[in-house]
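Okay, here's what each chain looks like letter by letter:
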Amino acid sequence: MHFDIFTLFPEVFTPYIAVSIIARARERGLAEIHLHNIRDWATDRHHVVDDEPYGGGGGMVMKPEPVFAAVESVLGSPPRAPVILLTPQGRLFTQAVARELAAFPRLALLCGRYEGVDERVRQHLVTDEISIGDYVLTGGELAALVVLDAVTRLLPGVLGDPDAPAKDSHANGLLEHPHYTRPPVFRGWEVPEVLRSGDHARIARWRHEQSLRRTWERRPDLLARAPLSEEDHALIARWEAERRADRG
Ligand code: ADE
């Protein structure tokens, strides 16, 4: 995967992409990350990239010329990769969207700042708009890092265990089961017996049930869309009956 990141603050990305799984993916040639400072394409003496909004009101707006120049000089015109604007007005980023994006060979991530970008950038340059959640950040940089991270770990060969992405929270529409490591007893709190039993079928059943239970307790909204078996539905019905009984 080849990422082109367009931002006014490339230095925000440098430390994060230099560590852990992203760094290893880069070293192994699985992810290439190119940082482009939009300010380098501002042609005036002071490299101005923002201006006041037409119609008045507070805040500043990112000018279209440097953004178009940056993206088109790197990716051509029209750009030969999806150009994704990070904005709170975009479609909500989910694991399904991460999987969708991981299928492209190249992605451009465009980070807005100030009150936003000139509307002509959205209309005539951007091909997709993504929000990482219903809150407003100071700029698109953190959101671009979120997308970059979630997409990179899905690329073939990036994670040591090739089955790992399939086991993640959200991969099958459910939250993940709890994890334990040594010691078997910590401050008197024991690791569940089943996990130490060596009985892989029992462990798999326990994990699936925990995963279902957690999702039911914490994110019931996800259950409506998760692919559930008849057994899952029966379990949920039992928990719901127990809950009703507890409440009297
Ligand atoms: N820029 C500012 N807030 C954002 C958000 N929630 N998602 C993506 N980009 C943003």
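This is a predicted model, so every value here is computed, not measured. (Residues numbered from 1 in each chain as written. Predicted model: local features only at pLDDT ≥ 70, side-chain atom pairs only at ≥ 80, totals over all residues. Heavy atoms only, no water.)

The assigned domain composition of the chain is domain 1 (2-152) and domain 2 (185-247). If you average the C-alpha positions of domain 1 and of domain 2, the two centres end up 40 Å apart. (Domains from an automatic or database assignment.)

To continue, consider the pairing of strand S5 (residues 83-92). Of the strand pairs in this sheet, S5 and strand S6 (residues 106-111) are connected by four bridges, and their pairing is parallel. Within S6, the position partnered with Ile-84 by the bridge is Leu-109. The pairing of S5 with strand S7 (residues 128-131) spans five bridges and is classified as parallel. The partner of Arg-91 across the bridge, within S7, is Ile-130. (Pairing = 2+ DSSP bridges. Helix = DSSP H or I, 4+ residues; strand = E, 2+ residues; numbered from the N terminus.)

This paragraph deals with the sheet that holds strand S1 (residues 2-7). Spatially, five strands are ordered S2-S1-S6-S5-S7 in an open sheet, and the strand pairing comes out parallel. On the outer flanks of this sheet lie strand S2 (32-37) and S7, each paired with one strand and no other. Ignoring which end each strand starts from, the neighbouring axes of this sheet average 35 degrees apart. Its contacts with the sheet place helix H3 (residues 95-102) against S5, S6 and S7, and it is angled at close to 165 degrees to S5. (Axes fitted to C-alpha atoms, helices over the stretch in contact; angles between N-to-C directions. Contact = heavy atoms within 4.5 Å.)

So, about the packing of helix H7 (residues 200-218) against helix H9 (residues 230-247). Where H7 meets H9, the axes come as close as 11 Å, and the angle between the chain directions of the two elements is 50 degrees. Taken together, H7 and H9 sit at an angle that is classed as oblique. Crossing of H7 over H9 shows right-handed handedness. Of the residues in H9, those in contact with His-208, Glu-209, Leu-212, Arg-213 and Trp-216 of H7 are Asp-232, Leu-235, Ile-236, Trp-239, Glu-240, Glu-242 and Arg-243. (Parallel < 35°, antiparallel > 145°, perpendicular 65-115°, else oblique. Left-handed = near helix turned anticlockwise from the far one by under 90°.)

Quick look at the packing of H3 against helix H5 (residues 141-152) now. Taken N-terminus to C-terminus, the directions of H3 and H5 make an angle of 70 degrees; their axes are 9 Å apart at the nearest point. As summarised for this structure, H3 and H5 are arranged roughly perpendicular, according to the angle between their axes. Contacts from Ala-98, Leu-101 and Ala-102 in H3 reach Val-147, Ala-150 and Val-151 in H5. Partitioning the contact of H3 with H5 into residue classes produces six nonpolar, no polar and no charged. (Nonpolar A, V, L, I, M, F, W, Y, C, P; charged D, E, K, R; others polar.)

The subject of this paragraph is the nonpolar core. Among the nonpolar cores identified, the biggest contains 33 residues, and Phe-3, Phe-93, Leu-101 and Leu-109 are the most heavily contacted of them. For this core, the secondary structure elements donating two or more residues are S1, helix H1 (20-27), S5, H3, S6 and H5. It is H5 that provides the largest number of residues to this core, a total of seven residues. (Core = buried A, V, L, I, M, F, W, Y, C linked by side-chain atoms within 4.5 Å. Buried < 20%, exposed > 50% of the residue type's maximum accessible area, 1.4 Å probe, protein only.)

A word on the packing of aromatic side chains. Evaluated as defined, the whole model comprises two aromatic pairs. Judged by centre distance (5.5 Å) and plane angle (40 degrees), the ring pair of Trp-216 and Trp-239 falls under tilted. In this pair, Trp-216 sits in helix H7 while Trp-239 sits in helix H9, placing the two residues 23 residues apart along the sequence. The exposure class of Trp-216 is buried, given its relative accessible area of 5%. (Phe/Tyr/Trp six-rings, centres within 6.5 Å; stacked < 30°, edge-to-face > 60°.)

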